[in-house]
Amino acid sequence: MTKSPYLRALLIGCALMLNACTANKLPPIATVPQVDLPRFMGDWYVIAAIPTLIETESYNAVESYAQNADGSIATTFRFNKGSLDGPVKTYQPTGFVKPGTGNAIWGMQFIWPIKAEYLIAHLDAAYSQTIIARNARDYVWIMARSPDISEAEYSALTSQVSQMGYDMSKLRRVPHQSGAAKVQP
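Q: Help me get a handle on helix H3 (residues 151-163), residues and values and all.
A: An α-helix turns once per 3.6 residues; consequently, residues spaced three or four apart project the same way. Under the 1.5 Å per step criterion, the end-to-end length of H3 is 18 Å for 13 residues, consistent within 8% with the ideal 18 Å. For H3, the full list of buried residues reads Tyr154, Leu157, Thr158 and Val161. Buried residues of H3, seen end-on, are gathered within an arc of 95° and therefore sit on one face of the element. Facing away from the buried side of H3, by more than 90 degrees, are the exposed residues Ala152 and Gln163. Against the buried residues of H3 lie strand S1 (42-50), strand S7 (114-123), strand S8 (129-133), strand S9 (140-144) and strand S10 (172-173).

Q: Explain the packing of aromatic side chains residue by residue, including any values.
A: Across all of its chains, the model carries nine aromatic pairs by this definition. Aromatic pair Phe40 and Tyr65: ring centres 5.5 Å apart, planes at 25°, arrangement stacked. Taken together, the residues Phe40 in helix H2 (residues 37-40) and Tyr65 in strand S2 (residues 58-67) connect sequence positions 25 residues apart. Across this residue pair, the class does not change: Phe40 and Tyr65 are buried. Arranged with centres 5.7 Å apart and planes meeting at 75°, the rings of Phe40 and Trp106 form a pair that is edge-to-face. With Phe40 in helix H2 and Trp106 in strand S6 (residues 105-111), this residue pair connects regions lying 66 residues apart in the sequence. The class for Phe40 is buried, based on a relative accessible area of 0%. One aromatic cluster is present, built from ring pairs that chain together Phe40, Trp44, Tyr65, Trp106 and Tyr118. The cationic tip of Arg172 hangs over the ring face of Tyr59; the distance from NZ or CZ to the ring centre is 5.3 Å.

Procedures and definitions
Residues numbered from 1 in each chain as written. Predicted model: local features only at pLDDT ≥ 70, side-chain atom pairs only at ≥ 80, totals over all residues. Heavy atoms only, no water. Helix = DSSP H or I, 4+ residues; strand = E, 2+ residues; numbered from the N terminus. Expected span 1.5 Å × (residues − 1). Buried < 20%, exposed > 50% of the residue type's maximum accessible area, 1.4 Å probe, protein only. Arc of directions from axis to C-beta. Contact = heavy atoms within 4.5 Å. Phe/Tyr/Trp six-rings, centres within 6.5 Å; stacked < 30°, edge-to-face > 60°. Lys NZ or Arg CZ within 6 Å of the ring centre and 35° of its normal.

Encoded structure:
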């Protein structure tokens, strides 16, 4: 595979678009009615995912959001590749909140002009757990403010993902170093 992060991002974007075009015809995924963007900003640990090509070997995965002055979302996705102490990989797509959606639908842009669908399908009242989904049912992310959640919480979140129509055999639990606060350098 190519070493160019730009070419890799272009290939990811193309794959996301192709998957969206060939998706099965399930009903659209419902999003949460309203997202308080300032509360949503910050670090989210990826607990489990049906991963994209770049994250199939992710460990200690953390997605961080910060709202830019223009309303876009500066995103940093960092993880160790291949093991808990593997090399750190960092991607910095930009999120664009779709107007009129209660801030729950974004376009995530790894490379211009492609914006991948990003649906906030679940967000608990404490803003401590979320599920990011796609209508294509090709990728999904279960994230939390802590790298560790209880088995009961994990089961409840994966049950929601299953009810959305995802193939649960593709879901991968993302390993995190116990007590880790950030991706290890």
